[in-house]
Amino acid sequence: MRISVIGLGRLGLVHAAALASLGHTVVGVEANTQRVRKILDGTHEMHEPGLVELVRTALTDGTLDVTGEPSAARGASAHFLTVGTPELAPNEGFDPSYLENALRSLVPSLQPGDLVIGKSTVPPGTAAALAAQLHRESPGAELAWNPEFLAEGTAVRDTLAPHRLIYGVSSLEAARLLDEVYAPILDRGTQRVITDLATAELVKLATNAFLATKISFINTIAQLAATSGADALQTAQILGADPRIGASHLNPGLGYGGGCLPKDTRGLAHYAQRAGAIEAAQFFTQVDTINAAQRQHIAEWVIAQLSGHQDSQVAILGASFKAETDDIRESPSIALAHALMSAGLRVRIADPVVTASRGEDSRLEFVRTAEEAMREADVTLVATAWPEYRRLNPAALLPMVRRPLIVDTRHCLDSEDWRNASWDYRSMFNLSLH
Ligand SMILES: NC(=O)c1ccc[n+]([C@@H]2O[C@H](COP(=O)([O-])OP(=O)(O)OC[C@H]3O[C@@H](n4cnc5c(N)ncnc54)[C@H](O)[C@@H]3O)[C@@H](O)[C@H]2O)c1
């Protein structure tokens, strides 16, 4: 099938290349011309395991074309909208204008019978409004919603082998066309659920809000463990072993970040507020507040540790919001760095893939390696669980720092190794924060 994908960001590029690998002929339309050029010449900076190879193969064998020209979508039968839905402002809800503009740019290329499929994350009602827009501007085409559940760091795998596919559709023809798109995935027995537009929209937001809630929940329990003498990590493990609860998203630590969980949880709170569901709005707002408090607690503790010391330096290991991605959108690590710098501390931040140019903040001092960040450091904070930090040699690092104090906010180091090498190793939850 010929397919267009509008918006080649972290979701869209993976989706376009994955559909090409499934045997479709895909044209990706991207408004940012610099990004188009970088995708075509193989220098796009997105760090996502398997993505470079997937895109290169699809471009080389001609199953994927990438362009800035919306009219290139003409001739495709399925058109995926994968543009961003950022917040209008913090706690102000989602901005639908990228979707509206993408749809408007697509309309001249649509033929009767074409299916436009939203993949972006939106509050219920957005798809219905876009369907009305489509009905006015291109009456023969139809709109469906097929939310995406990929996680950054495993985006290629999640796209090619999803847990299930959700079709929000208004007709069986739309479901049939989506079945054709995903035929190789469905043939492997992948579950697909057919539902209406609003349910498809809500299921996606609810999923992210639930995952965020699990993270904030375990962080509140870990705080209680710290004040009660219980073991925070073991408590989390025991809870996670209960099949009714499940272990995913139950690692206490610095909290969540990225382009999805924070925005989607606040977006659901905003949607609930507008719907008059006040308790629901307060609930999701509180999930977000607890998340922000994690980094604030750590920042306050570090500032207190270093008060009275001149020229104190902090090393932060990890800039991306989690390992295996270069995404620093709402990264807890970057927020922590800002809080420490505001208190007058010098902060060096290391990351294996995020560099100063991607950091997009000239005030932050980015270095490549942990060793560079830790030189003369008074406190070292592990903020992202990159595998390379697990392999650090604590004995070799000891002479480099001013003070051998390390706080593992992701609980990814071997505490015994560090303590045996004379480091003052602290888990995030034995800091005496209160
Ligand atoms: N990143 C994820 O892990 C993920 C996972 C699931 C769902 N989502 C959702 O997918 C959507 C996209 O997220 P993202 O992270 O890929 O965002 P992104 O900002 O990385 O990518 C959006 C891309 O769309 C392009 N664009 C905007 N308007 C356009 C237009 N009219 N025509 C062509 N291109 C246009 C932008 O230039 C950008 O490259 C959001 O709603 C997000 O919540 C993201």
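The structure displayed is predicted, hence computed values, not measured ones. (Residues numbered from 1 in each chain as written. Predicted model: local features only at pLDDT ≥ 70, side-chain atom pairs only at ≥ 80, totals over all residues. Heavy atoms only, no water.)

Visitor: In this structure, what is going on with the overall build of the protein chain? I would like to understand it.
Guide: Helix and strand counts for the protein chain come out as 18 helices and 14 strands. When its C-alpha atoms are laid out on the principal axes, the protein chain stretches across 70 × 50 × 40 Å. Expressed as a percentage of the 434 residues in the protein chain, the buried residues total 53%. Sequence separation of at least 24 residues holds for 73% of the intrachain contacts in the protein chain that already meet a minimum separation of 6. (Helix = DSSP H or I, 4+ residues; strand = E, 2+ residues; numbered from the N terminus. Buried < 20%, exposed > 50% of the residue type's maximum accessible area, 1.4 Å probe, protein only. Contact = heavy atoms within 4.5 Å.)

Visitor: Just checking my understanding: could you explain the packing of aromatic side chains for this structure?
Guide: Applying the stated rule across the entire model yields four aromatic pairs. Consider the rings of Trp 418 and Trp 423, whose centres lie 5.0 Å apart with planes at 75°: the pair is edge-to-face. There is no split in this pair, since Trp 418 and Trp 423 are both buried. Linked through ring pairs, Phe 80, Tyr 167 and Tyr 182 together constitute an aromatic cluster. Its end group placed over the ring of Phe 149, Arg 164 keeps NZ or CZ at 4.3 Å from the ring centre. (Phe/Tyr/Trp six-rings, centres within 6.5 Å; stacked < 30°, edge-to-face > 60°. Lys NZ or Arg CZ within 6 Å of the ring centre and 35° of its normal.)

Visitor: Help me out: how do you make sense of the domain arrangement of the protein chain in this one?
Guide: The domain architecture assigned to the protein chain consists of domain 1 (2-195) and domain 2 (207-427). Taking only C-alpha atoms, the centre of domain 1 and the centre of domain 2 are 32 Å apart. If you look at the interface, domain 1 gives 21 residues, while domain 2 gives 18 residues. Regarding the contact of domain 1 and domain 2, the summed buried area is about 1600 Å², with carbon and sulfur atoms giving 52% of it. When the buried area of domain 1 at its contact with domain 2 is split by residue, His 47, Glu 87 and Glu 152 rank highest and sum to 35% of it. At the junction of domain 1 with domain 2, the criterion picks out four salt bridges. The partner of Arg 10 in a salt bridge is Asp 326, with the nearest N and O atoms 3.0 Å apart. Its residues assigned to classes, the side of domain 1 that touches domain 2 shows eight nonpolar, six polar and seven charged. (Domains from an automatic or database assignment. Buried area = accessible area lost by both parts, 1.4 Å probe. Salt bridge = Lys/Arg side-chain N within 4 Å of Asp/Glu carboxyl O. Nonpolar A, V, L, I, M, F, W, Y, C, P; charged D, E, K, R; others polar.)

Visitor: Looking at this model, I keep getting lost on the side chain of Gln 313. Mind explaining?
Guide: Inspection of the secondary structure puts Gln 313 in strand S9 (residues 313-317). In this structure Gln 313 touches Arg 346, Arg 348, Arg 375, Glu 376, Ala 377, Asp 378, Val 379 and Arg 402, once residues within four positions along its chain are discounted.

Visitor: I would appreciate a short explanation of the packing of helix H4 (residues 97-106) against helix H5 (residues 126-137) in the present structure.
Guide: Any two packed helices are characterised by the angle at which their axes cross and by the distance between the axes. Relative to each other, H4 and H5 sit at 25°, their axes nearing to 11 Å. In terms of orientation, H4 lies roughly parallel with respect to H5. Here H4 and H5 pass one another in a crossing that is right-handed. Across the interface between the two elements, Leu 99, Glu 100, Leu 103 and Arg 104 of H4 pack against Thr 126, Leu 130, Gln 133, Leu 134 and Glu 137 of H5. Per-class residue counts for the contact of H4 with H5 are four nonpolar, two polar and three charged. (Axes fitted to C-alpha atoms, helices over the stretch in contact; angles between N-to-C directions. Parallel < 35°, antiparallel > 145°, perpendicular 65-115°, else oblique. Left-handed = near helix turned anticlockwise from the far one by under 90°.)

Visitor: Explain the sheet that holds strand S14 (residues 424-427) here, please?
Guide: What holds strands together in a sheet is hydrogen bonding between their backbones, with the strands either parallel or antiparallel. Here six strands make up an open sheet; going across it, the order is S11-S10-S9-S12-S13-S14 and the pairing parallel. If you trace the sheet from one side to the other, it starts and ends with strand S11 (365-367) and S14, each paired once. Each adjacent strand pair in this sheet contributes to an overall mean axis angle of 20°, direction not counted. Both S9 and strand S12 (residues 379-382) contribute to a ladder of four bridges, which runs parallel. (Pairing = 2+ DSSP bridges.)

Visitor: How should the site of the ligand be read in this particular structure?
Guide: Close to the ligand lie 25 residues; Leu 11, Glu 30, Thr 85, Glu 152 and Lys 263 are nearest. At a separation of 3.1 Å, a nitrogen atom of the ligand approaches a polar backbone atom of Ala 31. Contacts to the ligand include Thr 121, whose backbone N or O atom sits 2.9 Å from an oxygen atom. Relative to its unbound accessible surface of 830 Å², the ligand loses 86% to contact with the protein. When residues of the shell around the ligand are assigned to domains, at least three fall in each of domain 1 (2-195) and domain 2 (207-427). (Near = heavy atom within 4 Å. Polar contact = N/O pair within 3.5 Å; in protein donor to acceptor, adjacent residues only side chain to side chain. Areas by Shrake-Rupley, 256 points an atom, 1.4 Å probe, with all protein chains shown as cover.)

Visitor: Would you mind going over the environment of Ser 109 with me for this structure?
Guide: Following the sequence through the fold, Ser 109 ends up in the loop between H4 and strand S5 (115-118). Setting aside chain neighbours within four positions, we find Ser 109 in contact with Pro 70, Ser 71, Ala 73, Arg 74, Gly 75 and Asp 114.

Visitor: What is the right way to look at the side chain of Ser 4 in this model?
Guide: Within the fold, Ser 4 resides in strand S1 (residues 2-6). When sequence neighbours within four positions are dropped, the list of residues in contact with Ser 4 reads Val 27, Ala 73, Ala 76, Ala 78, His 79, Phe 80 and Leu 106.

Visitor: What exactly am I supposed to notice about the nonpolar core here?
Guide: In summary, soluble globular proteins display a tendency toward joint burial of nonpolar side chains. In this structure, Val 302, Ile 316, Leu 340 and Leu 381 are the most contacted members of the largest nonpolar core, which totals 54 residues. The element best represented in this core is helix H12 (residues 278-306), accounting for five residues. Sequence-distant contacts of Ile 316, that is, excluding residues within four places in its chain, are made with Ser 333, Leu 336, Ala 337, Leu 340, Val 347, Arg 348, Ile 349, Ala 350, Leu 381 and Ala 383. Listed in part, the 41 residues of the second largest apolar core include Ile 39, Ala 58, Ala 78 and Ala 144. (Core = buried A, V, L, I, M, F, W, Y, C linked by side-chain atoms within 4.5 Å.)

Visitor: Quick question: what am I supposed to make of helix H10 (residues 232-241) here?
Guide: Think of an α-helix as 3.6 residues a turn; residues three or four steps apart then line up on the same face. Of all the positions in H10, only Ala 232, Ala 236 and Gly 240 are classed as buried. Here the buried residues of H10 occupy an arc of 65° about the axis, which is enough to place them on one side. Of the exposed residues in H10, the ones pointing more than 90 degrees away from its buried face are Gln 237, Ile 238 and Ala 241. The secondary structure elements touched by the buried residues of H10 are helix H9 (197-228). (Arc of directions from axis to C-beta.)

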